[in-house]
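Chain residues, written in single-letter form:
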Amino acid sequence: MLQSQLFAKIKKETPKEAEVISHKYLVRGEFIEQSFSGVYRFLPLGFRVLKKIEEIIRAEMRKLGAQELYLPALQNKNFWLETNRWETIDPPLFKLKDRHQKETALGSTHEEEITDIVRKRIKSYRDLPFSLFQIQEKFRNEIRATGGLLRTREFLMKDLYSFHSNEKDLINFYQKVKMAYFRIFKRCGLTTLCVEAATGTIGGELSHEFMVLSEAGEDRILICKKCNFGANIEKIGERTKCPKCKGQLEKRNSIEVGHIFNLGTKYSQAMGANFVDKNGKSFPIVMGCYGIGLPRLMAAIVEIWHDEKGIIWPKEVAPFQIHLIPIESTQKVKKIAKNLYQDLQEQGIEVLYDDREDKTPGEKFAEADLIGIPYRIVISERTIKSNSVEVKERKEKGTKLVKIKSLSQFLNSK
RNA sequence: CGGAGUGUGGCCUAGUGGUUUAGGGCGCUUGGUUUGGGACCAAGAGGUCGUGGGUUCAAAUCCCACCACUCCGACCA
(Lines give C-alpha, C1' and ligand atoms only; values in the text may rest on other atoms or scores of the structure.)
Protein backbone atom coordinates (compact mmCIF):
# COMPACT_ATOMS: atom_id res chain seq x y z
CA MET A 1 0.00 0.00 0.00
CA LEU A 2 1.29 3.41 -0.93
CA GLN A 3 0.96 5.72 2.02
CA SER A 4 0.23 8.64 -0.31
CA GLN A 5 -2.93 6.74 -1.29
CA LEU A 6 -3.89 5.54 2.19
CA PHE A 7 -7.20 7.02 3.27
CA ALA A 8 -5.95 8.39 6.57
CA LYS A 9 -5.29 11.87 7.85
CA ILE A 10 -3.15 11.05 10.82
CA LYS A 11 -3.62 13.61 13.57
CA LYS A 12 -0.96 15.44 15.45
CA GLU A 13 -3.25 16.33 18.30
CA THR A 14 -5.64 14.26 20.31
CA PRO A 15 -9.31 15.08 19.76
CA LYS A 16 -10.75 16.18 23.06
CA GLU A 17 -13.49 13.55 23.31
CA ALA A 18 -10.89 10.83 23.80
CA GLU A 19 -9.84 10.04 27.33
CA VAL A 20 -8.53 6.48 27.53
CA ILE A 21 -5.22 5.75 25.83
CA SER A 22 -6.56 3.24 23.30
CA HIS A 23 -9.22 5.69 22.21
CA LYS A 24 -6.68 8.49 21.83
CA TYR A 25 -4.23 6.51 19.74
CA LEU A 26 -6.84 4.77 17.61
CA VAL A 27 -8.48 8.08 16.77
CA ARG A 28 -5.23 9.94 16.19
CA GLY A 29 -3.90 7.16 14.00
CA GLU A 30 -7.11 7.18 11.94
CA PHE A 31 -7.98 3.61 12.77
CA ILE A 32 -11.42 4.59 13.94
CA GLU A 33 -13.70 7.60 14.13
CA GLN A 34 -16.74 8.22 16.22
CA SER A 35 -19.97 8.74 14.32
CA PHE A 36 -21.98 9.52 17.44
CA SER A 37 -21.99 8.37 21.02
CA GLY A 38 -21.06 4.71 21.23
CA VAL A 39 -21.04 4.19 17.48
CA TYR A 40 -17.79 3.96 15.57
CA ARG A 41 -16.54 3.91 12.02
CA PHE A 42 -13.63 1.68 11.15
CA LEU A 43 -11.39 3.48 8.69
CA PRO A 44 -9.12 1.46 6.37
CA LEU A 45 -6.29 1.08 8.90
CA GLY A 46 -8.63 0.05 11.69
CA PHE A 47 -10.56 -2.25 9.42
CA ARG A 48 -7.37 -4.11 8.57
CA VAL A 49 -6.71 -4.70 12.26
CA LEU A 50 -10.29 -5.76 12.86
CA LYS A 51 -10.04 -8.27 10.00
CA LYS A 52 -6.80 -9.66 11.41
CA ILE A 53 -8.47 -10.27 14.74
CA GLU A 54 -11.45 -11.77 12.97
CA GLU A 55 -9.25 -14.22 11.05
CA ILE A 56 -7.48 -15.37 14.21
CA ILE A 57 -10.81 -16.03 15.86
CA ARG A 58 -12.25 -17.73 12.79
CA ALA A 59 -9.26 -20.05 12.53
CA GLU A 60 -9.53 -21.06 16.18
CA MET A 61 -13.26 -21.64 15.88
CA ARG A 62 -12.68 -23.95 12.93
CA LYS A 63 -10.13 -25.88 14.94
CA LEU A 64 -12.92 -26.54 17.43
CA GLY A 65 -14.97 -28.00 14.62
CA ALA A 66 -17.48 -25.16 14.73
CA GLN A 67 -19.24 -24.19 11.51
CA GLU A 68 -19.70 -20.58 10.56
CA LEU A 69 -23.06 -19.13 9.68
CA TYR A 70 -24.55 -15.67 9.59
CA LEU A 71 -27.70 -14.60 11.36
CA PRO A 72 -29.89 -11.53 10.98
CA ALA A 73 -29.47 -8.39 13.05
CA LEU A 74 -33.18 -7.65 12.75
CA GLN A 75 -35.00 -10.07 14.99
CA ASN A 76 -38.38 -11.68 15.44
CA LYS A 77 -40.10 -10.43 18.59
CA ASN A 78 -41.93 -13.73 19.05
CA PHE A 79 -38.72 -15.64 19.75
CA TRP A 80 -37.86 -13.14 22.46
CA LEU A 81 -41.30 -13.53 23.97
CA GLU A 82 -40.74 -17.29 24.11
CA THR A 83 -37.66 -16.86 26.28
CA ASN A 84 -39.27 -14.04 28.20
CA ARG A 85 -36.39 -11.70 27.38
CA TRP A 86 -38.23 -9.13 25.25
CA GLU A 87 -38.69 -6.91 28.27
CA THR A 88 -36.12 -8.24 30.70
CA ILE A 89 -32.81 -8.41 28.87
CA ASP A 90 -30.26 -5.92 30.14
CA PRO A 91 -28.97 -3.82 28.46
CA PRO A 92 -32.34 -3.53 26.71
CA LEU A 93 -32.92 -4.19 23.04
CA PHE A 94 -33.03 -1.45 20.46
CA LYS A 95 -36.65 -1.82 19.52
CA LEU A 96 -38.32 -0.48 16.43
CA LYS A 97 -41.51 -0.77 14.45
CA ASP A 98 -41.92 -1.63 10.81
CA ARG A 99 -44.36 0.22 8.52
CA HIS A 100 -47.21 -1.98 9.67
CA GLN A 101 -46.51 -0.98 13.27
CA LYS A 102 -45.20 -4.45 13.96
CA GLU A 103 -42.48 -4.52 16.59
CA THR A 104 -39.03 -5.90 15.98
CA ALA A 105 -35.59 -5.38 17.51
CA LEU A 106 -31.93 -5.26 16.65
CA GLY A 107 -30.24 -8.32 18.12
CA SER A 108 -28.01 -7.82 21.15
CA THR A 109 -27.22 -11.55 21.20
CA HIS A 110 -28.46 -14.57 19.25
CA GLU A 111 -29.57 -17.35 21.57
CA GLU A 112 -33.15 -17.05 20.35
CA GLU A 113 -32.22 -17.11 16.68
CA ILE A 114 -29.86 -20.04 17.00
CA THR A 115 -32.20 -22.05 19.17
CA ASP A 116 -34.95 -21.64 16.61
CA ILE A 117 -32.65 -22.89 13.87
CA VAL A 118 -31.64 -25.87 15.95
CA ARG A 119 -35.08 -26.90 17.19
CA LYS A 120 -36.33 -27.14 13.62
CA ARG A 121 -33.62 -29.59 12.67
CA ILE A 122 -32.31 -31.53 15.62
CA LYS A 123 -34.51 -34.38 16.78
CA SER A 124 -32.09 -37.14 17.74
CA TYR A 125 -29.11 -37.71 20.01
CA ARG A 126 -27.35 -38.86 16.84
CA ASP A 127 -27.22 -35.24 15.62
CA LEU A 128 -25.41 -34.11 18.75
CA PRO A 129 -23.01 -32.60 19.61
CA PHE A 130 -22.18 -29.78 17.21
CA SER A 131 -21.34 -26.11 17.31
CA LEU A 132 -22.07 -23.05 15.22
CA PHE A 133 -20.59 -19.59 15.25
CA GLN A 134 -20.90 -16.24 13.56
CA ILE A 135 -19.05 -12.95 13.50
CA GLN A 136 -21.74 -10.35 13.39
CA GLU A 137 -22.90 -6.96 14.52
CA LYS A 138 -24.59 -6.62 17.91
CA PHE A 139 -26.67 -3.70 19.13
CA ARG A 140 -26.95 -2.90 22.81
CA ASN A 141 -28.98 -0.14 24.32
CA GLU A 142 -26.41 0.72 26.96
CA ILE A 143 -27.08 3.44 29.48
CA ARG A 144 -23.81 4.98 28.51
CA ALA A 145 -21.01 4.23 26.07
CA THR A 146 -17.51 4.56 27.50
CA GLY A 147 -13.84 4.67 26.62
CA GLY A 148 -13.93 4.62 22.84
CA LEU A 149 -14.08 1.02 21.66
CA LEU A 150 -14.18 -0.37 25.19
CA ARG A 151 -17.94 -0.12 25.36
CA THR A 152 -20.00 0.73 22.34
CA ARG A 153 -23.65 0.40 21.43
CA GLU A 154 -22.98 -1.34 18.14
CA PHE A 155 -20.10 -3.76 17.81
CA LEU A 156 -18.81 -6.78 16.00
CA MET A 157 -18.98 -9.94 18.06
CA LYS A 158 -18.02 -13.53 17.55
CA ASP A 159 -20.69 -15.71 19.11
CA LEU A 160 -20.31 -19.45 19.25
CA TYR A 161 -23.09 -21.79 20.35
CA SER A 162 -22.71 -25.45 21.20
CA PHE A 163 -25.33 -28.18 21.53
CA HIS A 164 -25.00 -31.38 23.53
CA SER A 165 -27.00 -34.33 24.72
CA ASN A 166 -25.63 -34.14 28.25
CA GLU A 167 -23.89 -31.88 30.75
CA LYS A 168 -20.68 -33.89 30.71
CA ASP A 169 -20.26 -33.47 27.00
CA LEU A 170 -20.89 -29.75 27.30
CA ILE A 171 -18.32 -29.37 30.05
CA ASN A 172 -15.79 -31.16 27.91
CA PHE A 173 -16.43 -28.79 25.01
CA TYR A 174 -16.51 -25.80 27.37
CA GLN A 175 -12.95 -26.67 28.41
CA LYS A 176 -11.88 -26.85 24.78
CA VAL A 177 -13.35 -23.43 24.12
CA LYS A 178 -11.50 -22.12 27.13
CA MET A 179 -8.23 -23.34 25.65
CA ALA A 180 -9.15 -21.88 22.25
CA TYR A 181 -9.86 -18.55 23.89
CA PHE A 182 -6.50 -18.50 25.62
CA ARG A 183 -4.89 -19.17 22.23
CA ILE A 184 -6.88 -16.42 20.51
CA PHE A 185 -5.93 -13.83 23.07
CA LYS A 186 -2.33 -14.96 23.11
CA ARG A 187 -2.14 -14.61 19.34
CA CYS A 188 -3.47 -11.08 19.84
CA GLY A 189 -0.57 -10.43 22.18
CA LEU A 190 -2.59 -10.61 25.38
CA THR A 191 -2.26 -12.54 28.58
CA THR A 192 -5.70 -13.26 29.94
CA LEU A 193 -7.09 -14.52 33.19
CA CYS A 194 -10.14 -16.73 33.18
CA VAL A 195 -12.32 -15.88 36.17
CA GLU A 196 -15.67 -16.98 37.52
CA ALA A 197 -18.40 -14.57 36.56
CA ALA A 198 -22.02 -13.70 37.09
CA THR A 199 -24.23 -14.93 34.25
CA GLY A 200 -26.41 -11.80 34.05
CA THR A 201 -29.41 -11.85 31.73
CA ILE A 202 -27.82 -14.47 29.48
CA GLY A 203 -28.38 -16.82 32.40
CA GLY A 204 -27.46 -20.47 32.62
CA GLU A 205 -25.53 -22.62 35.04
CA LEU A 206 -22.19 -20.86 35.25
CA SER A 207 -19.89 -18.64 33.26
CA HIS A 208 -16.30 -17.53 32.96
CA GLU A 209 -14.88 -14.24 31.81
CA PHE A 210 -11.54 -13.67 30.09
CA MET A 211 -9.88 -10.70 31.62
CA VAL A 212 -7.01 -8.48 30.56
CA LEU A 213 -5.53 -6.67 33.52
CA SER A 214 -5.64 -2.95 32.79
CA GLU A 215 -6.39 0.24 34.64
CA ALA A 216 -8.65 1.23 31.76
CA GLY A 217 -10.92 -1.72 32.50
CA GLU A 218 -14.30 -1.23 34.12
CA ASP A 219 -14.43 -4.62 35.79
CA ARG A 220 -13.07 -5.30 39.24
CA ILE A 221 -11.80 -8.78 39.81
CA LEU A 222 -10.29 -10.62 42.73
CA ILE A 223 -7.32 -12.86 42.12
CA CYS A 224 -5.87 -15.31 44.62
CA LYS A 225 -2.13 -14.99 45.07
CA LYS A 226 -1.84 -18.61 46.23
CA CYS A 227 -4.05 -20.80 44.05
CA ASN A 228 -5.17 -19.70 40.58
CA PHE A 229 -8.67 -18.76 41.69
CA GLY A 230 -10.12 -15.60 40.23
CA ALA A 231 -13.59 -14.11 40.18
CA ASN A 232 -15.48 -11.01 39.23
CA ILE A 233 -16.43 -8.98 42.31
CA GLU A 234 -19.87 -8.77 40.75
CA LYS A 235 -20.19 -12.51 41.30
CA ILE A 236 -18.63 -13.10 44.71
CA GLY A 237 -18.77 -9.68 46.32
CA GLU A 238 -15.98 -7.77 48.04
CA ARG A 239 -13.81 -10.04 50.16
CA THR A 240 -10.18 -10.53 51.11
CA LYS A 241 -9.85 -14.30 51.60
CA CYS A 242 -9.88 -16.81 48.74
CA PRO A 243 -12.98 -19.03 48.96
CA LYS A 244 -10.90 -21.99 47.74
CA CYS A 245 -7.62 -21.85 49.68
CA LYS A 246 -8.10 -18.97 52.15
CA GLY A 247 -5.18 -17.15 50.50
CA GLN A 248 -4.98 -13.39 50.16
CA LEU A 249 -7.11 -11.92 47.36
CA GLU A 250 -5.83 -9.10 45.22
CA LYS A 251 -8.21 -6.57 43.64
CA ARG A 252 -7.52 -5.52 40.06
CA ASN A 253 -9.15 -3.59 37.24
CA SER A 254 -9.63 -5.52 34.07
CA ILE A 255 -11.16 -5.50 30.61
CA GLU A 256 -13.56 -8.31 29.82
CA VAL A 257 -12.61 -9.49 26.34
CA GLY A 258 -14.50 -12.75 26.32
CA HIS A 259 -17.30 -14.46 28.19
CA ILE A 260 -18.32 -18.10 28.03
CA PHE A 261 -21.55 -19.55 29.41
CA ASN A 262 -22.79 -22.96 30.34
CA LEU A 263 -26.42 -22.29 29.46
CA GLY A 264 -27.71 -25.65 30.56
CA THR A 265 -31.21 -26.08 29.16
CA LYS A 266 -32.47 -22.54 29.73
CA TYR A 267 -33.11 -21.77 26.06
CA SER A 268 -33.85 -25.26 24.84
CA GLN A 269 -36.57 -25.61 27.47
CA ALA A 270 -38.03 -22.19 26.82
CA MET A 271 -38.15 -22.76 23.08
CA GLY A 272 -38.75 -26.48 22.94
CA ALA A 273 -35.45 -27.59 21.43
CA ASN A 274 -35.52 -31.27 22.33
CA PHE A 275 -33.95 -34.50 21.16
CA VAL A 276 -34.72 -38.14 21.81
CA ASP A 277 -32.11 -40.38 23.35
CA LYS A 278 -31.35 -44.05 22.64
CA ASN A 279 -34.36 -45.12 24.64
CA GLY A 280 -36.70 -42.87 22.75
CA LYS A 281 -37.08 -40.47 25.64
CA SER A 282 -37.20 -36.73 24.97
CA PHE A 283 -34.80 -34.26 26.62
CA PRO A 284 -33.96 -30.59 26.15
CA ILE A 285 -30.66 -29.94 24.38
CA VAL A 286 -27.82 -28.82 26.64
CA MET A 287 -26.31 -25.59 25.36
CA GLY A 288 -23.30 -23.37 25.72
CA CYS A 289 -22.55 -19.93 24.31
CA TYR A 290 -19.24 -18.17 23.98
CA GLY A 291 -18.64 -14.55 23.01
CA ILE A 292 -15.77 -12.29 22.07
CA GLY A 293 -16.20 -8.59 21.35
CA LEU A 294 -13.82 -7.68 18.55
CA PRO A 295 -13.58 -3.90 18.90
CA ARG A 296 -13.12 -4.19 22.65
CA LEU A 297 -10.39 -6.74 22.06
CA MET A 298 -8.74 -4.31 19.67
CA ALA A 299 -8.88 -1.57 22.30
CA ALA A 300 -7.51 -3.95 24.95
CA ILE A 301 -4.54 -4.75 22.71
CA VAL A 302 -3.75 -1.04 22.47
CA GLU A 303 -4.18 -0.58 26.22
CA ILE A 304 -1.48 -3.19 26.73
CA TRP A 305 0.72 -2.49 23.71
CA HIS A 306 1.65 1.16 23.51
CA ASP A 307 4.27 3.61 24.65
CA GLU A 308 4.38 7.41 24.86
CA LYS A 309 4.70 7.65 21.07
CA GLY A 310 1.89 5.41 19.99
CA ILE A 311 0.67 1.90 19.38
CA ILE A 312 2.89 -1.18 19.21
CA TRP A 313 0.83 -3.76 17.33
CA PRO A 314 1.57 -7.42 17.97
CA LYS A 315 2.53 -8.96 14.63
CA GLU A 316 -0.55 -11.06 14.06
CA VAL A 317 -2.95 -8.14 14.35
CA ALA A 318 -0.85 -5.37 12.80
CA PRO A 319 -2.41 -3.59 9.82
CA PHE A 320 0.86 -4.08 7.92
CA GLN A 321 4.01 -5.99 8.77
CA ILE A 322 6.53 -3.52 7.40
CA HIS A 323 6.57 0.24 7.22
CA LEU A 324 8.99 1.08 4.43
CA ILE A 325 10.23 4.65 4.68
CA PRO A 326 12.57 6.27 2.20
CA ILE A 327 13.95 9.60 3.33
CA GLU A 328 15.78 12.04 1.09
CA SER A 329 13.98 11.59 -2.20
CA THR A 330 16.99 11.26 -4.44
CA GLN A 331 16.58 9.19 -7.57
CA LYS A 332 18.81 6.49 -6.17
CA VAL A 333 16.95 6.19 -2.89
CA LYS A 334 13.59 6.21 -4.61
CA LYS A 335 14.61 3.53 -7.05
CA ILE A 336 15.95 1.19 -4.41
CA ALA A 337 12.96 1.76 -2.15
CA LYS A 338 10.55 1.05 -4.96
CA ASN A 339 12.32 -2.15 -5.89
CA LEU A 340 12.39 -3.27 -2.31
CA TYR A 341 8.68 -2.50 -1.96
CA GLN A 342 7.93 -4.70 -4.96
CA ASP A 343 10.21 -7.48 -3.76
CA LEU A 344 8.63 -7.60 -0.34
CA GLN A 345 5.13 -7.56 -1.77
CA GLU A 346 5.99 -10.42 -4.10
CA GLN A 347 7.01 -12.35 -1.02
CA GLY A 348 3.51 -11.81 0.30
CA ILE A 349 4.55 -9.39 3.01
CA GLU A 350 2.16 -6.55 3.78
CA VAL A 351 4.06 -3.34 3.33
CA LEU A 352 3.02 0.23 3.91
CA TYR A 353 5.32 2.26 1.67
CA ASP A 354 5.70 5.87 2.71
CA ASP A 355 6.19 7.30 -0.76
CA ARG A 356 5.33 10.85 0.28
CA GLU A 357 8.04 13.25 -0.79
CA ASP A 358 6.77 16.37 0.94
CA LYS A 359 7.10 15.00 4.46
CA THR A 360 10.16 15.45 6.61
CA PRO A 361 11.82 12.43 8.23
CA GLY A 362 10.67 13.56 11.64
CA GLU A 363 7.06 13.61 10.60
CA LYS A 364 7.30 10.23 8.91
CA PHE A 365 8.89 8.69 11.98
CA ALA A 366 6.37 10.23 14.34
CA GLU A 367 3.48 8.88 12.29
CA ALA A 368 5.15 5.48 11.99
CA ASP A 369 5.53 5.31 15.76
CA LEU A 370 1.90 6.29 16.24
CA ILE A 371 0.40 3.70 13.91
CA GLY A 372 2.71 1.06 15.29
CA ILE A 373 3.61 -1.28 12.42
CA PRO A 374 6.01 -3.94 13.84
CA TYR A 375 8.99 -3.24 11.55
CA ARG A 376 10.19 0.06 10.24
CA ILE A 377 12.64 -0.05 7.36
CA VAL A 378 14.37 3.20 6.50
CA ILE A 379 16.24 3.77 3.25
CA SER A 380 18.42 6.85 2.82
CA GLU A 381 21.58 7.96 1.07
CA ARG A 382 23.37 7.01 4.23
CA THR A 383 22.13 3.41 4.29
CA ILE A 384 22.54 2.73 0.58
CA LYS A 385 26.20 3.64 0.77
CA SER A 386 26.67 0.25 2.35
CA ASN A 387 23.91 -1.39 0.28
CA SER A 388 21.85 -1.56 3.45
CA VAL A 389 18.61 -0.49 5.01
CA GLU A 390 17.96 0.40 8.61
CA VAL A 391 15.60 -1.93 10.40
CA LYS A 392 13.87 -0.95 13.60
CA GLU A 393 11.46 -3.04 15.54
CA ARG A 394 8.66 -0.89 16.92
CA LYS A 395 8.89 -2.50 20.32
CA GLU A 396 12.68 -2.14 20.54
CA LYS A 397 14.78 0.95 21.08
CA GLY A 398 17.71 0.33 18.76
CA THR A 399 18.12 0.10 14.99
CA LYS A 400 20.08 -2.30 12.87
CA LEU A 401 21.72 -1.91 9.47
CA VAL A 402 20.90 -4.88 7.29
CA LYS A 403 22.26 -5.57 3.81
CA ILE A 404 19.46 -5.32 1.27
CA LYS A 405 20.44 -8.71 -0.13
CA SER A 406 20.00 -10.43 3.20
CA LEU A 407 16.88 -8.54 4.30
CA SER A 408 14.47 -11.37 3.50
CA GLN A 409 16.62 -13.78 5.43
CA PHE A 410 16.79 -11.35 8.32
CA LEU A 411 13.02 -10.91 8.40
CA ASN A 412 12.38 -14.62 8.12
CA SER A 413 14.57 -15.24 11.14
CA LYS A 414 12.23 -13.07 13.19
C1' C B 1 -31.91 8.02 34.06
C1' G B 2 -29.23 10.88 38.47
C1' G B 3 -24.64 13.84 39.22
C1' A B 4 -20.48 16.78 37.02
C1' G B 5 -18.32 19.15 32.82
C1' U B 6 -17.60 20.84 27.73
C1' G B 7 -19.37 23.02 22.96
C1' U B 8 -15.28 28.98 18.88
C1' G B 9 -12.97 27.07 10.58
C1' G B 10 -10.98 19.89 9.39
C1' C B 11 -7.97 19.37 14.52
C1' C B 12 -6.03 21.86 19.24
C1' U B 13 -7.33 26.40 21.26
C1' A B 14 -7.24 32.35 22.98
C1' G B 15 -11.00 35.56 23.98
C1' U B 16 -16.06 35.58 29.86
C1' G B 17 -20.36 42.44 27.70
C1' G B 18 -17.69 47.72 23.84
C1' U B 19 -10.34 48.92 21.17
C1' U B 20 -13.22 41.71 18.02
C1' U B 21 -14.31 43.64 10.67
C1' A B 22 -13.56 36.66 16.32
C1' G B 23 -6.83 35.98 17.50
C1' G B 24 -3.08 32.01 17.38
C1' G B 25 -0.99 27.00 16.33
C1' C B 26 -1.61 22.56 13.31
C1' G B 27 -3.66 21.12 8.74
C1' C B 28 -5.14 22.86 3.61
C1' U B 29 -3.92 25.85 -1.38
C1' U B 30 0.02 28.42 -4.49
C1' G B 31 5.26 29.59 -5.22
C1' G B 32 10.12 28.92 -3.45
C1' U B 33 13.85 26.87 -0.11
C1' U B 34 14.42 22.33 2.67
C1' U B 35 14.96 16.69 4.13
C1' G B 36 17.73 11.33 9.87
C1' G B 37 12.83 12.75 14.76
C1' G B 38 6.33 16.37 13.90
C1' A B 39 11.08 22.12 8.64
C1' C B 40 11.47 27.50 6.78
C1' C B 41 9.89 31.99 3.96
C1' A B 42 6.04 34.47 1.28
C1' A B 43 1.09 34.82 -0.37
C1' G B 44 -3.91 32.75 0.24
C1' A B 45 -8.65 30.01 1.24
C1' G B 46 -11.68 28.54 5.19
C1' G B 47 -16.12 30.80 10.86
C1' U B 48 -24.47 31.08 11.16
C1' C B 49 -18.69 31.36 18.01
C1' G B 50 -23.78 23.90 19.08
C1' U B 51 -29.34 25.47 18.02
C1' G B 52 -33.47 28.56 19.26
C1' G B 53 -35.30 32.38 22.19
C1' G B 54 -34.46 36.44 25.59
C1' U B 55 -31.82 40.69 28.31
C1' U B 56 -29.03 45.06 26.51
C1' C B 57 -27.64 50.99 22.98
C1' A B 58 -24.20 46.68 22.30
C1' A B 59 -23.73 39.29 23.19
C1' A B 60 -18.80 34.23 21.49
C1' U B 61 -19.22 36.62 26.43
C1' C B 62 -25.25 37.44 30.62
C1' C B 63 -30.24 34.57 31.19
C1' C B 64 -33.71 30.50 29.62
C1' A B 65 -34.81 26.21 26.77
C1' C B 66 -33.19 22.52 23.70
C1' C B 67 -29.35 19.57 21.25
C1' A B 68 -24.65 17.11 21.11
C1' C B 69 -20.30 15.07 23.29
C1' U B 70 -17.19 13.49 27.65
C1' C B 71 -16.62 11.78 32.68
C1' C B 72 -18.75 9.35 37.52
C1' G B 73 -23.02 5.60 38.90
C1' A B 74 -25.79 0.98 37.13
C1' C B 75 -25.15 -2.67 32.85
C1' C B 76 -21.91 -5.54 29.40
C1' A B 77 -18.29 -8.49 24.67
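Residues numbered from 1 in each chain as written. Chains lettered and ligands numbered in written order. Predicted model: local features only at pLDDT ≥ 70, side-chain atom pairs only at ≥ 80, totals over all residues. Heavy atoms only, no water.

Enquirer: Describe the sheet that holds strand E22 (residues 388-393), listing the residues and the values that go with them.
Expert: Spatial ordering of the open sheet is given by E20-E19-E21-E22-E23, a layout of five strands whose pairing is mixed. Looking along the sheet, the strands with just one partner apiece sit at the ends: strand E20 (351-353) and strand E23 (399-403). The average undirected angle you get between the axes of adjacent strands in this sheet is 25°. Both strand E19 (residues 322-326) and strand E21 (residues 375-379) contribute to a ladder of five bridges, which runs parallel. In the sheet register, Ile 322 faces E21, and the bridge partner there is Tyr 375. On top of the sheet, helix H9 (residues 331-346) reaches E19, E20, E21 and E22; it is set at about 160° to E20, its chief contact. Contacts between helix H10 (residues 361-371) and the sheet are confined to E19, E20 and E21, with E19 contributing the most and set at about 175° to the helix. (Pairing = 2+ DSSP bridges. Helix = DSSP H or I, 4+ residues; strand = E, 2+ residues; numbered from the N terminus. Axes fitted to C-alpha atoms, helices over the stretch in contact; angles between N-to-C directions. Contact = heavy atoms within 4.5 Å.)

Enquirer: Any chance you could break down the domain arrangement of chain A for me, citing the residues and the numbers?
Expert: Taken domain by domain, chain A consists of domain 1 (21-307) and domain 2 (320-412). The C-alpha-based centres of domain 1 and domain 2 are spaced at 40 Å. On the domain 2 side, the residues contacting the eight residues of domain 1 number six residues. Between domain 1 and domain 2 lies a buried interface of about 690 Å² when both sides are counted; carbon and sulfur atoms form 57% of it. Scanning the region where domain 1 abuts domain 2 turns up three salt bridges. Glu 350 is the salt-bridge partner of Arg 48, the closest N and O atoms lying 3.4 Å from each other. At the boundary of domain 1 and domain 2, one finds three residue pairs in polar contact (both at pLDDT 80 or more). For the side of domain 1 that touches domain 2, the element with the most residues is helix H2 (residues 44-63), which contributes three residues. Taken together, the residues of the side of domain 1 that touches domain 2 break down into three nonpolar, one polar and four charged. (Domains from an automatic or database assignment. Buried area = accessible area lost by both parts, 1.4 Å probe. Salt bridge = Lys/Arg side-chain N within 4 Å of Asp/Glu carboxyl O. Polar contact = N/O pair within 3.5 Å; in protein donor to acceptor, adjacent residues only side chain to side chain. Nonpolar A, V, L, I, M, F, W, Y, C, P; charged D, E, K, R; others polar.)

Enquirer: Give me the lowdown on helix H5 (residues 167-187), citing residues and values where you can.
Expert: Between its first and last C-alpha, H5 extends 30 Å over 21 residues, near the 30 Å set by a 1.5 Å rise per residue. For H5, the complete set of buried residues consists of Leu 170, Phe 173, Tyr 174, Val 177, Lys 178, Ala 180, Tyr 181, Ile 184 and Phe 185. The opening residue of H5, the one whose side-chain oxygen lies 3.1 Å from the backbone nitrogen of Lys 168, is Asn 166. Following H5 by one or two positions, Gly 189 has its phi on the positive side, about 85°. (Expected span 1.5 Å × (residues − 1). Buried < 20%, exposed > 50% of the residue type's maximum accessible area, 1.4 Å probe, protein only.)

Enquirer: Lay out the protein's contact with RNA strand B with the relevant residues and their values.
Expert: Neighbouring RNA strand B are 56 residues; Arg 151, Arg 296, Asp 369, Ser 380 and Glu 390 lie closest to it. When the atoms of RNA strand B within 4 Å of the protein are sorted by group, sugar and phosphate make up 48%. With respect to RNA strand B, the side chain of Glu 19 contributes an N or O atom lying 3.4 Å from a sugar or linking oxygen. Taken together, the elements giving at least two residues each to the surface near RNA strand B come down to strand E1 (32-36), strand E8 (154-164), strand E13 (249-264), strand E16 (286-293), H10, E21 and helix H11 (381-384). With seven residues, H10 is the largest single contributor of residues to the surface near RNA strand B. Partitioned by chemical class, the residues of the surface near RNA strand B number 15 nonpolar, 15 polar and 26 charged. (Near = heavy atom within 4 Å.)

Enquirer: Help me get a handle on the sheet that holds strand E4 (residues 74-76), residues and values and all.
Expert: Pairing between the strands of a sheet comes from backbone hydrogen bonds, and it takes one of two forms, parallel or antiparallel. Strand order across the open sheet formed by three strands is E4-E6-E5, with antiparallel pairing between neighbours. Both edges of this open sheet fall to E4 and strand E5 (94-97), since each of them pairs with a single strand only. The average undirected angle you get between the axes of adjacent strands in this sheet is 40°.

Enquirer: I'd like a rundown of the nonpolar core, residues and numbers included.
Expert: Within the largest apolar cluster, 59 residues are counted, with the highest numbers of intra-cluster contacts made by Phe 31, Tyr 181, Leu 297, Met 298 and Trp 313. Shared between two domains, this core takes at least three residues from each, and those domains are domain 1 (21-307) and domain 2 (320-412). Apart from residues lying up to four places away in sequence, Tyr 181 is in contact with Met 61, Lys 158, Phe 210, Gly 258, His 259, Ile 260, Tyr 290, Gly 291 and Ile 292. (Core = buried A, V, L, I, M, F, W, Y, C linked by side-chain atoms within 4.5 Å.)

Enquirer: Tell me about the environment of Thr 88, and name the residues and values.
Expert: The residue Thr 88 is located in the loop between helix H3 (77-82) and E5 in this model. In this structure Thr 88 comes out as partly exposed when scored by relative accessible area, which is 47%. A distance of 2.8 Å separates a polar atom in the side chain of Thr 88 from the backbone oxygen of Asn 84.

Enquirer: Just give me the short version of the packing of H2 against helix H8 (residues 294-304), but keep the residues and values in it.
Expert: As a packed pair, H2 and H8 sit with axes 10 Å apart at the nearest point and diverge in direction by 105°. By the angle between their axes, H2 is roughly perpendicular relative to H8. Counting all contacts with H2, which are made through Gly 46, Val 49, Leu 50, Ile 53, Glu 54 and Ile 57, the residues of H8 involved are Leu 294, Pro 295, Leu 297, Met 298 and Ile 301. Across the contact of H2 with H8, the residue classes break down as nine nonpolar, one polar and one charged. (Parallel < 35°, antiparallel > 145°, perpendicular 65-115°, else oblique.)

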